[in-house]
Amino acid sequence: MNTHLFGFSRIQAAVPAAVVFALAATVGRAGGTPSPVLPQPLFSDAQLISSSTTPPTEAQCESVGRRCFNPQSVQSAYNLAPLYAAGLNGAGQTIAIIDSYGSDTIAHDLHVYNQAWALPPMCGEAGVTCAPGMPTFSQLELQGSPATKAPPPTSHGTGQEDKAAWALEVSLDVETAHAIAPMANILLVTTPTAETLGVQGFPQMIAAEDYVVQNHLATVISQSLGAAEESFNGVQSLLNLRYAFVDAAQNGVTVLAASGDNGTANGTKSPVSKGGSLIPFPTVGWPASDPLVTGVGGTYLCTDPSAAATAPRTIAAGPPATCVAFPLQAEIGWTFSGGGFSHVFAKPTYQNTLPAGSTAIATMRGVPDVAFQASAGTGALVYITLPPDGSGGLLCGGAPCSTGWYDIGGTSLSTPQWAGLVAIGAQLNGGGLGLINPALYKIGADASRYASDFFDITVGNNQADPTVPGYPATTGWDPITGLGTPNAANLIPDLVSAVHGH
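Procedures and definitions
Residues numbered from 1 in each chain as written. Predicted model: local features only at pLDDT ≥ 70, side-chain atom pairs only at ≥ 80, totals over all residues. Heavy atoms only, no water. Helix = DSSP H or I, 4+ residues; strand = E, 2+ residues; numbered from the N terminus. Buried < 20%, exposed > 50% of the residue type's maximum accessible area, 1.4 Å probe, protein only. Contact = heavy atoms within 4.5 Å. Areas by Shrake-Rupley, 256 points an atom, 1.4 Å probe, with all protein chains shown as cover. Disulfide = S-S within 2.5 Å. Phe/Tyr/Trp six-rings, centres within 6.5 Å; stacked < 30°, edge-to-face > 60°. Salt bridge = Lys/Arg side-chain N within 4 Å of Asp/Glu carboxyl O. pLDDT = per-residue confidence, 0-100. Core = buried A, V, L, I, M, F, W, Y, C linked by side-chain atoms within 4.5 Å. Expected span 1.5 Å × (residues − 1). Axes fitted to C-alpha atoms, helices over the stretch in contact; angles between N-to-C directions. Parallel < 35°, antiparallel > 145°, perpendicular 65-115°, else oblique. Left-handed = near helix turned anticlockwise from the far one by under 90°.

What the chain contains, in helices and strands, is 14 helices and 22 strands. Buried residues in the chain amount to 63% of all 502 residues. In the chain, once contacts between residues fewer than 6 apart in sequence are set aside, the share between residues at least 24 apart is 80%. As displayed, the chain has an accessible area near 15,400 Å², and 58% of this comes from carbon and sulfur atoms.

Laid out in structure tokens, this is it:
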């Protein structure tokens with residue numbers, strides 16, 4: 001078994017010609033055949049766009065075949081402005097983000113990010129004087145906090161221990177969650193372990209999550225990590241880790257998990273050179289497959305990347321190629337969005353009734369439940385700095401490239417943004433929503449509510465490897481984007497209502 005972050009397969013320098021991939025196992029997020037097992041934390045793709053503290057322009061992003069979203073254009077795409085206008089912004093709620101290692105510079109990076117996009121400052125970010133009513137950013141290190149620097153060149157590890165690479169995941173999670181729920185508190189929960197074949201890694205992360213639940217430290221947990229169900233040493237070893245999710249459901253805490261960044265193609269161990277192999281049939285990742293967890297898939301987001309927060313959702317011309325190929329689609333199911341049907345968990349009762357036209361769910365749990373932007377071709381801008389000894393973990397064309405603005409994708413991007421939405425719902429509810437899946441599918445079963453609350457994604461396929469069948473996006477629920485993406489201003493109040501059975 002290996003735990004790794006869902007979404008990080010390659011890091012690129014923003015040079016229009018002859019982009020060099022930093023990691024040998026990286027193949028084809030922009031085309032070609034992907035590697036199903038990867039040597040380090042996964043966000044699907046990360047490309048350095050600018051080394052300045054000033055965010056890059058859209059022209060800079062388009063020069064390398066991408067469109068890059070900022071907080072305001074994401075808010076436009078998913079209709080968040082009416083919630084903010086009503087004072088719904090996550091205030092009083094706490095999002096717990098689970099990551100390996102953490103980041104030595106996240107307090108500084110968050111400050112650069114917030115200043116760049118005029119987001120509310122957080123008590124705990126660098127250079128900020130705390131004041132009453134300010135949201136807090138804090139870190140919980142239950143088992144120690146090693147420096148986030150790259151492994152030495154003599155290291156013979158799997159690559160999962162690349163602390164500098166995990167630090168980029170931290171920036172992604174913290175910054176984008178804050179962008180969606182700008183007044184929610186954020187608790188970054190870190191463990192000093194990553195993937196070590198189940199001996200360390202998952203057990204420590206799950207124990208940390210349970211500590212958060214038992215001590216009532218958060219109302220929503222975001223985890224951009226997972227492993228194929230088949231990569232565990234038997235079903236029981238997976239089931240032994242569920243206790244944190246059982247406790248979360250009993251304590252009104254919502255748990256989210258990324259559905260994965262390899263479509264239906266997963267591996268038994270990462271990387272292949274260390275003994276792993278491609279699982280030759282469609283598989284899904286856990287924890288996203290757990291019925292007590294909300295699995296989050298991904299899309300290509302083809303809306304206006306320069307839109308103001310209050311602007312209506314508008315399809316925009318431009319890269320990447322997938323958006324160009326489907327000029328009438330605001331969103332398209334992401335090729336690498338993890339999805340399918342569990343081989344461990346039976347279909348939960350909340351999936352018994354689906355929207356009309358949905359892909360059928362037979363006897364086993366369908367994954368994911370919902371989706372959000374995920375393709376790095378239509379990714380989000382995040383900022384990170386690391387000291388020189390840390391920058392060696394992130395290479396662009398063979399040279400260190402840690403400091404600056406990256407365009408990042410993956411279901412690692414989808415998940416913390418959905419966590420921000422849940423925090424807003426918890427604010428409206430006056431407390432945690434708990435397991436939201438029954439409420440989501442209750443909305444999906446009502447045609448008028450579903451049409452109002454979700455953007456239904458009907459184009460795309462998640463066959464990421466030509467040897468492993470994928471699934472097409474369909475009307476209603478499908479094994480790429482679940483029920484779809486949120487029309488937030490409509491969905492959040494309706495979700496709170498549905499949680500209470502209405």
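Next comes the rest of the account.
What follows concerns the state of the cysteines. Counted under the stated rule, the structure contains three disulfides. The disulfide that involves Cys61 links it to Cys68, with 2.2 Å between the sulfurs. What sets the handedness of the Cys61 and Cys68 disulfide is the S-S torsion sign, and at about -115 degrees it is left-handed. There is no split in this pair, since Cys61 and Cys68 are both buried.

Okay, the side chain of Ser222 next. By the secondary structure assignment, Ser222 is in strand β8 (residues 220-223). When its relative accessible area of 1% is taken as the criterion, Ser222 is described as buried. Excluding anything up to four places from it in sequence, Ser222 contacts Ala96, Ile97, Ile98, Leu256, Thr415, Pro416 and Ala419.

Applying the stated criterion across every chain, the model contains 13 aromatic pairs. Each ring, one from Phe232 and one from Trp286, has its centre 5.7 Å from the other, and the planes form 85 degrees; the classification is edge-to-face. Taken together, the positions of Phe232 in the loop between β9 (225-228) and α7 (235-239) and Trp286 in strand β11 (residues 285-286) put the pair 54 residues apart, joining distant regions of the chain.

Turning next to the pattern of salt bridges. According to the stated counting rule, one finds five salt bridges in the structure shown. Salt-bridge contacts for Arg313 lead to Glu331; the nearest nitrogen and oxygen are separated by 2.7 Å. Of the two residues, Arg313 is situated in the loop between β12 (294-301) and α9 (321-325) and Glu331 in strand β13 (residues 331-333); the sequence distance between them amounts to 18 residues. With a relative accessible area of 24%, Arg313 lands in the partly exposed category. For Arg449, the salt bridge is made with Asp494, and the minimal N-O distance between the two is 2.8 Å. Taken together, the positions of Arg449 in helix α13 (residues 447-453) and Asp494 in helix α14 (residues 488-499) put the pair 45 residues apart, joining distant regions of the chain. Asp494 shares its class with Arg449; the two are buried.

Before going further, it helps to spend a moment on the environment of Ala356. Here Ala356 lies in the loop between β14 (340-346) and β15 (364-367). Separated by 88 residues in the primary sequence, Ala356 and Gly444 have C-alpha atoms spaced 8.9 Å apart. Once you skip the residues sitting within four places of it in the chain, Ala356 turns out to touch Thr475 and Gly476.

Before going further, it helps to examine the confidence of the model for the chain. When pLDDT is averaged across the chain, the result is 86; 81% of the residues are at 70 or more. Between residues 1-42, whose pLDDT stays under 50, and residues either more than four places distant or in other chains, the model counts 172 contacts.

Another aspect to go through is the nonpolar core. Ranked by size, the top nonpolar core spans 54 residues in total, and within it Ile95, Val174, Trp418 and Leu440 carry the most contacts. One finds Val212, Val255, Trp286 and Val367 within the second-largest nonpolar core, a separate group that totals 32 residues.

Along its 19 residues, helix α11 (residues 411-429) runs 26 Å from first to last C-alpha, staying within 8% of the 27 Å computed at 1.5 Å per residue. Burial analysis of α11 places 17 of its 19 residues in the buried class, the great majority of the element. Positive phi appears at Gly430, one or two residues downstream of α11, with a value of about 80 degrees.

Given 3.6 residues to a turn, an α-helix orients residues that are three or four positions apart in the same direction. The terminal C-alpha atoms of α14 lie 16 Å apart, and with twelve residues this matches the ideal 16 Å at 1.5 Å per residue to within 8%. Every buried residue belonging to α14 is among Ala488, Ala489, Leu491, Ile492, Asp494, Leu495, Val496 and Ala498, and all of these are buried. Contact partners of the buried residues in α14: α3 (81-85), α11, α12 (437-444), α13, β21 (454-455) and β22 (485-486).

Turning next to the packing of α12 against α14. Packed helices, taken two at a time, are described by the angle between their axes plus the distance between the axes. Two elements in contact, α12 and α14, have axes separated by 8 Å at closest approach and are oriented at 110 degrees. Accordingly, the angle class assigned to the pair α12 and α14 is roughly perpendicular. As for the relative orientation of α12 and α14, their crossing is right-handed in sense. Contacts between α12 and α14 involve Ala439, Leu440, Lys442 and Ile443 from the former and Leu491, Asp494, Leu495, Ala498 and Val499 from the latter.

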